Amino acid sequence: MLKLTAANLRNLPAETLAVPVCEEAPIHPRGPVASLVRRALGYEEFTGKSGNELHLYDPPRCHVRRVIVLGIGPKDKVDAEALRSFAGKAVKTAIEWRLESLCLEAPSPQKLGLDIRALLKALMEGACLANHIYDRFKSDPKKKPLQTIYFRTSPGAAEAFSTLPETVQTVCEAACLAREWVSDPSNEKTPALLAAAVKKRAESAGLRVEVQEEETLKKNKMGALLAVAAGSENPPAMVLLDYAPKNPEKTVALVGKGITFDTGGYNLKPSNSLDGMKADMAGAAAVAGTLLAAARLKPKIRVVGALPMVENMVSGAATRPGDIISAYTGKTVEIGNTDAEGRLVLADAMAYVIDRYRPDMVLDMATLTGACLVALGEKIAGVFSRDDRLAEIVIAAGDETHERCWRLPLPDDYKELLESKFADIRNIGSSRWGGAIAAALFLSEFVGETPWVHIDIAGPAYTKKGGDYCGPGGTGFGVRLLWEVLDRLRS
Ligand code: BES
Ligand code: ZN
Ligand code: ZN
């Protein structure tokens, strides 16, 4: 649990205090913490350089047992992300030490030139996200999350931002749930199992939930989605989540790619590329997480989530390259490559959601292309939209949450790459190049006139190594981002 406190060091509710320190310039107001920092900087091995860590025990004239002093680098380079990292590292150390609680010292916003709310929010995010441990399949879990994390700030700030801990915790817990779904192995998250897991959470959060099974999907003529599902023993499902407040200002539809495993189908992936394909439902996980956060934080806009869940496998019944199928919109699609399956399930899910809910805009999130990974690397998502305002909102939201997004173009003249000799469109481009753009252009053919943004998260959805506030596995990328987008759409 996250808690703001203005307690002085004599009656701190935790035994351990973590203090961020900059190289050279002080970032704490004069007082006992500033003295602790001076003491730390008296040791040659501690300079305040980013990543520098020093532990002090029972410091004099202080009633804390332990102090974790952490360097965060030069003052003029400190931003919200540096504070998230600081909080994450401190929490990880405290978990390592098997502590139950920890207090993080908030630096002075004036000294850092940062907004106080943004500063506290960043500390809380880093701490809350780092406090998540994925050990569902360990017989003998070694680590336990902290029970309480305090943030020490001025009495005025503690009062003014008293509701912030709960808001941050709600969104970060949703992100952690998304992480778990992404990290879960595919044998434990078939479309039916994943749909049931999402349904359970969504119902207890008070969302309207509908799970469409194969029969319904057939009845609704979701031909593109069903073509991907054809090769799997595990039938597909589509989960619809609806957060519907009274008199909403607008309706936003979120659609997430939910491929529970992507073998590539008959265009089978090589061994190396199969690794990590359990994470091919990270878009769906992020959308589900965002809806759960919305259900709890109650924005004034209606948010609909659509999660097409399908396993892309090979069998005697699987779709072949060259097959022609009919999508939900009636468009015929020539399957140029069975590994370009994400765009097929999204095309049907988006068109269905637009038909049914008439949203003011659609955002889709998907681990869609290896090409996006090649273009932007493992930490940055690709953003595609014809709507400049929407694209800018997404990019600004990503700057705020440090789920970085970079806009890529949707050039009309590239559409010819998707031409098919036999059907209305082909699901892959005729050129080796520009794969992320070709995929986005394919999607654009199924959204009609509805304002739309596509976010390709093939890079940042999953991490083998982990980071300062994230363990190895699913990153939860997209939940804080989409929540921030919804927040910006309100005003
Ligand atoms: N799920 C993959 C994209 C992906 C690749 C996600 C690596 C995360 C990491 C997607 O379904 C896919 O296989 N795309 C193909 C498309 C190609 C066949 C046109 C790709 O990117 O190679
Ligand atoms: Zn694929
Ligand atoms: Zn895929």
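Structure: see above.
Thresholds applied
Residues numbered from 1 in each chain as written. Chains lettered and ligands numbered in written order. Predicted model: local features only at pLDDT ≥ 70, side-chain atom pairs only at ≥ 80, totals over all residues. Heavy atoms only, no water. Helix = DSSP H or I, 4+ residues; strand = E, 2+ residues; numbered from the N terminus. Rg over C-alpha atoms; globule rule 2.2 N^0.38 Å. Buried < 20%, exposed > 50% of the residue type's maximum accessible area, 1.4 Å probe, protein only. Contact = heavy atoms within 4.5 Å. Donors = N, O, S within 2.8 Å, 3.2 Å for Na, K, Ca; no water. Tetrahedral: all angles 85-135°; square planar, octahedral: opposite > 155°, others 65-115°. Near = heavy atom within 4 Å. Polar contact = N/O pair within 3.5 Å; in protein donor to acceptor, adjacent residues only side chain to side chain. Areas by Shrake-Rupley, 256 points an atom, 1.4 Å probe, with all protein chains shown as cover. Nonpolar A, V, L, I, M, F, W, Y, C, P; charged D, E, K, R; others polar. Phe/Tyr/Trp six-rings, centres within 6.5 Å; stacked < 30°, edge-to-face > 60°. Lys NZ or Arg CZ within 6 Å of the ring centre and 35° of its normal. Core = buried A, V, L, I, M, F, W, Y, C linked by side-chain atoms within 4.5 Å. Domains from an automatic or database assignment. Expected span 1.5 Å × (residues − 1). Pairing = 2+ DSSP bridges. Axes fitted to C-alpha atoms, helices over the stretch in contact; angles between N-to-C directions.

Undergrad: Account for the overall build of the protein, naming residues and giving values.
TA: Helices and strands together make up the secondary structure of the protein, namely 16 helices and 20 strands. Over its C-alpha trace the protein gives a radius of gyration of 24 Å, about what one expects of a compact globule, namely 23 Å for 491 residues. Taken over the C-alpha atoms alone, the protein extends approximately 80 × 50 × 40 Å along its principal axes. When each of the 491 residues of the protein is scored for burial, the buried share is 58%. For the protein, restricting intrachain contacts to residue pairs at least 6 apart in sequence, the fraction spanning at least 24 positions comes to 77%.

Undergrad: Please give an account of the coordination of the zinc ion (ligand 2) that cites residues and values.
TA: Ligation of the zinc ion (ligand 2) by protein atoms is provided by Asp-262 (OD), Asp-339 (O), Asp-339 (OD) and Glu-341 (OE), these donors lying 2.0 to 2.2 Å from the ion. Taken together, the six donor atoms coordinating the zinc ion (ligand 2) span angles of 71 to 169 degrees at the metal, a pattern that classifies the geometry as irregular. In primary-sequence terms, the residues that donate to the zinc ion (ligand 2) follow D-x76-D-x1-E. Between the zinc ion (ligand 2) and the zinc ion (ligand 3) the interatomic distance comes to 3.2 Å, and Asp-262 is a ligand of both metals. Remark: Asp-339 occurs in the loop between strand 13 (332-334) and helix 12 (342-357) and Asp-262 occurs in strand 10 (residues 258-262); sequence separation between them is 77 residues. By relative accessible area, which is 2% here, Asp-262 ends up buried.

Undergrad: I'd like a description of unusual backbone geometry, backed by residues and values.
TA: Comment: phi is negative for the bulk of residues other than glycine, and the bulk of peptide bonds are trans. The residue Glu-24 is not glycine, and still its phi comes out positive at about 65 degrees. Tracing the sequence through the fold places Glu-24 in the loop between strand 2 (16-23) and helix 1 (32-41). In this structure Glu-24 comes out as exposed when scored by relative accessible area, which is 76%. Positive phi is not limited to glycine here, since Asp-58 has a value of about 40 degrees.

Undergrad: Before we move on, can you summarise the site of ligand 1 with the specific residues and values?
TA: The environment of ligand 1 is formed by 16 residues, the closest being Lys-269, Asp-280, Asp-339, Glu-341 and Gly-370. The separation between an oxygen atom of ligand 1 and a polar side-chain atom of Lys-257 is 3.2 Å. Separating an oxygen atom of ligand 1 from a side-chain N or O atom of Asp-339 is a distance of 2.8 Å. Taking 520 Å² as the accessible area of ligand 1 by itself, protein coverage stands at 75%. The residue inventory of the shell around ligand 1, partitioned by class, reads five nonpolar, four polar and seven charged.

Undergrad: How would you explain the coordination of the zinc ion (ligand 3) if you had to name every residue and give the values?
TA: At this site the zinc ion (ligand 3) is bound by Lys-257 (NZ), Asp-262 (OD), Asp-280 (OD) and Glu-341 (OE), with donor distances of 2.0 to 2.4 Å. Here the zinc ion (ligand 3) binds six donor atoms, and the angle range of 78 to 171 degrees at the metal identifies the geometry as octahedral. The motif formed by the donor residues of the zinc ion (ligand 3), counted along the single chain, is K-x4-D-x17-D-x60-E. Take Glu-341: its relative accessible area is 1%, and that puts it in the buried class.

Undergrad: Outline the packing of aromatic side chains, listing residues and values.
TA: Counted by the stated rule, this structure contains two aromatic pairs. Summarising the aromatic geometry, the rings of Tyr-328 and Tyr-352 are spaced 5.7 Å apart at their centres and angled 75 degrees between planes, so their arrangement reads as edge-to-face. With Tyr-328 in the loop between strand 12 (324-326) and strand 13 and Tyr-352 in helix 12, this residue pair connects regions lying 24 residues apart in the sequence. Taking relative accessible area as the criterion, Tyr-352 reaches 8% and is therefore assigned buried. Note on Phe-442 and Phe-446: the rings are 5.1 Å apart at their centroids and 40 degrees apart in plane angle, and the pair reads as tilted. Each of the two residues, Phe-442 as well as Phe-446, counts as buried. Over the aromatic face of Phe-446 sits the side chain of Lys-331, whose NZ or CZ is 5.5 Å from the ring centroid.

Undergrad: Any chance you could break down the nonpolar core for me, citing the residues and the numbers?
TA: Core analysis: the biggest nonpolar cluster contains 100 residues, and Leu-104, Leu-363 and Ile-455 have the highest contact counts within it. Composition of this core by domain shows at least three residues from each of domain 1 (2-154) and domain 2 (170-489). If we ignore the near neighbours within four places in the chain, the residues touching Ile-455 are Leu-363, Asp-364, Met-365, Ala-366, Ala-381, Gly-382, Val-383, Val-394, Leu-481 and Leu-482. Membership of the second largest hydrophobic core comes to 51 residues, among which are Leu-240, Ala-327, Val-333 and Trp-452.

Undergrad: Describe in detail helix 4 (residues 116-130), supporting the description with residues and values.
TA: In this model helix 4 runs 21 Å from its N-terminal to its C-terminal C-alpha over 15 residues, within 8% of the 21 Å that 1.5 Å per residue would give. Of all 15 residues in helix 4, 12 are buried; the element is thus mostly enclosed.

Undergrad: Tell me about the sheet that holds strand 13, residues and numbers included.
TA: Spatially, the three strands line up as an open sheet ordered 12-13-17, and their pairing is mixed. Edge positions in the sheet fall to strand 12 and strand 17 (425-426), since each has one partner strand and no second. Across three bridges, strand 12 lies against strand 13 in antiparallel orientation. Looking across to strand 13, one finds that Ser-326 is bridged to Thr-332.

Undergrad: Can you tell me about the sheet that holds strand 6 (residues 148-152), naming the residues and giving the values?
TA: In a beta sheet, neighbouring strands are held together by backbone hydrogen bonds and run either parallel or antiparallel to one another. In space, the six strands of this open sheet follow the order 1-6-5-2-4-3, with mixed pairing throughout. The open sheet has two edge strands with one neighbour each: strand 1 (2-5) and strand 3 (53-57). Here the average twist between neighbouring strands, direction ignored, is 25 degrees. Here strand 3 pairs with strand 4 (residues 66-74) via five bridges, running antiparallel. Looking at strand 4, one finds that Leu-56 is bridged to Val-67. Helix-sheet contacts for helix 1 involve strand 2, strand 3, strand 4, strand 5 (101-105) and strand 6, and the interaxial angle to strand 2 is about 65 degrees. Where helix 2 (residues 80-96) meets the sheet, it contacts strand 2, strand 3, strand 4, strand 5 and strand 6, and its direction lies at approximately 150 degrees from that of strand 4.

Functional significance is not addressed by these values, which are geometric in nature.
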